[in-house]
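Chain residues, written in single-letter form:
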Amino acid sequence: MFAALSEIFRDILNPDAIDVQGLFFRECIVMSQMITATVSAFLGQLYDCKSLDAALLEQIRQEGLLIYYESLLSCWMDEKAMLEDMIGGFELLRRIEFVVPAARDDEKLDVNDIRVDYGSRGQMEIRLPPNRHVRQANSGEDLRFNVFPVLLNIGINEEASAAISQSKEDLQTAVNKYYGERLMEYTSKLGVDDSTLAAARADFARHLANSSVPKNVDLLHCAQSLTRLAHGLRFTMCKSAKDRTAMAVTFEQLTHVHQYSNGLTVSEYDRVLTEMRRNGTRRENTVKNIGVALYAFAQEQVEHLPAVYQPPPGTFGKSET
């Protein structure tokens, strides 16, 4: 959005120079991906009734559905434009109203029953499949809500290193400050007496204040914990969603294993992480993308990644994405 607005203001004296069709096309591409991801994740949460009780439905109705997008893009050339498109998409996503009709006991349900209604002045309403659990937990009323999107970005590749060396991370700093404060705002309204949530908020605030630390991935990890405590939805993305994303996803999986097991020793910690990256589904994802089971990193690129995001030897090689 920042790039789009700057282009518009730059050409304000020459309206014919504005590529309205091009901007609209970019908007459509971004929103189609964002809406699909949001709907898919929320339906997964909705049909897991154990995690969606009356209190959480009320939280979603009152405060919005928290969605945290974790981005690993750099602020360099094409990836910076991708990040700008994400920001623009977020502002549009906030304007969409989602509706989950309260289904009757005798109503035949169709999980593919998703409809989009367009209102005046660009408003959009997305009606999701009717749900009996919503009727039971929401006093028989339909559930209407907007999303509360949060975007945090930490570039971790060699292009991020270039942006750091050239002091061109202003966009990342601004994004993290704005959306980091929004995440703090959202979670301030939840669980006032919850000491675990309070500790997580304090930890996140501490890392948010250290915005000058290069490749501060701890900020992302703290936001993950805070989002889980707030029962929000999580997405991780980079440019192709298979290499940097694979490193981030496997590391987050490891934190789940460590948290919900009796704890891992240092040697177990490293071994489990390596195993996930060598033989897990993320490596299979590379096969579907480029036809070979290799993360698309050259050795010199790996050296720019934070230590916890570096793939094991033998699992990466220079490849076209």
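This one's a predicted model, so the numbers in the text were calculated from it and none came from an experiment.

## Re the overall build of the chain
Inference 1: For the chain, the helix and strand inventory stands at 13 helices and seven strands.
Inference 2: Whereas a compact globule of 321 residues would reach a radius of gyration of roughly 20 Å, the chain reaches 21 Å, a difference of no more than 12%.
Inference 3: For the C-alpha atoms alone, the extent of the chain along its principal axes is close to 65 × 60 × 45 Å.
Inference 4: Relative to its full complement of 321 residues, the chain shows a buried share of 45%.
Inference 5: Within the chain, residue pairs in contact and separated by at least 24 positions form 72% of the contacts whose partners lie at least 6 positions apart.
Inference 6: When the accessible surface of the chain is summed, it comes to about 16,600 Å², and 52% of that surface belongs to carbon and sulfur atoms.
Inference 7: Here the chain contributes 34 positive and 44 negative side-chain charges, whose respective centroids are spaced 2 Å apart.

## Some thoughts on the sheet that holds strand β3 (residues 115-118)
Backbone-to-backbone hydrogen bonds join strands into a sheet, with any given pair of strands oriented parallel or antiparallel.
Inference 1: The sheet built from four strands is open, its strands ordered β3-β4-β2-β5 with mixed pairing. Two strands lie at the open edges of the sheet, namely β3 and β5 (143-145), each paired on one side alone. Recorded for the sheet is a direction-independent mean angle of 20° between the axes of neighbouring strands.
Inference 2: Contacts from helix α2 (residues 20-46) reach β2 (97-100), β4 (124-127) and β5 within the one sheet, and its direction differs from that of β2 by about 30°.

## Some thoughts on the pattern of salt bridges
Inference 1: For the structure on display, the rule yields 16 salt bridges.
Inference 2: Measuring nitrogen to oxygen at the nearest pair gives 3.0 Å for the salt bridge that ties Lys177 to Glu181. Residue Lys177 and its partner Glu181 are located together in helix α7 (residues 170-187), separated by four residues, close to a single helical turn.
Inference 3: Ionic pairing is found between Lys242 and Asp243, a salt bridge with its closest N-O pair at 2.6 Å.
Inference 4: Classification of Lys242 as buried rests on a relative accessible area of 0%.
Inference 5: The exposure class assigned to Asp243 is buried, which follows from its relative accessible area of 5%.
Inference 6: One network of salt bridges, in which partners are shared, links Glu70, Arg228, Arg234 and Glu252.

## Considering the nonpolar core
Inference 1: Within the largest apolar cluster, 74 residues are counted, with the highest numbers of intra-cluster contacts made by Phe42, Tyr69, Phe145, Leu151 and Phe204.
Inference 2: At eight residues, α2 tops the list of elements feeding residues into this core.
Inference 3: When sequence neighbours within four positions are dropped, the list of residues in contact with Phe42 reads Ile60, Leu65, Val100, Leu128, Leu143, Phe145 and Leu233.

Criteria and thresholds
- Residues numbered from 1 in each chain as written.
- Predicted model: local features only at pLDDT ≥ 70, side-chain atom pairs only at ≥ 80, totals over all residues.
- Heavy atoms only, no water.
- Helix = DSSP H or I, 4+ residues; strand = E, 2+ residues; numbered from the N terminus.
- Rg over C-alpha atoms; globule rule 2.2 N^0.38 Å.
- Buried < 20%, exposed > 50% of the residue type's maximum accessible area, 1.4 Å probe, protein only.
- Contact = heavy atoms within 4.5 Å.
- Areas by Shrake-Rupley, 256 points an atom, 1.4 Å probe, with all protein chains shown as cover.
- Lys, Arg positive; Asp, Glu negative; His and termini not counted.
- Charge placed at Lys NZ, Arg CZ, Asp CG, Glu CD.
- Pairing = 2+ DSSP bridges.
- Axes fitted to C-alpha atoms, helices over the stretch in contact; angles between N-to-C directions.
- Salt bridge = Lys/Arg side-chain N within 4 Å of Asp/Glu carboxyl O.
- Core = buried A, V, L, I, M, F, W, Y, C linked by side-chain atoms within 4.5 Å.

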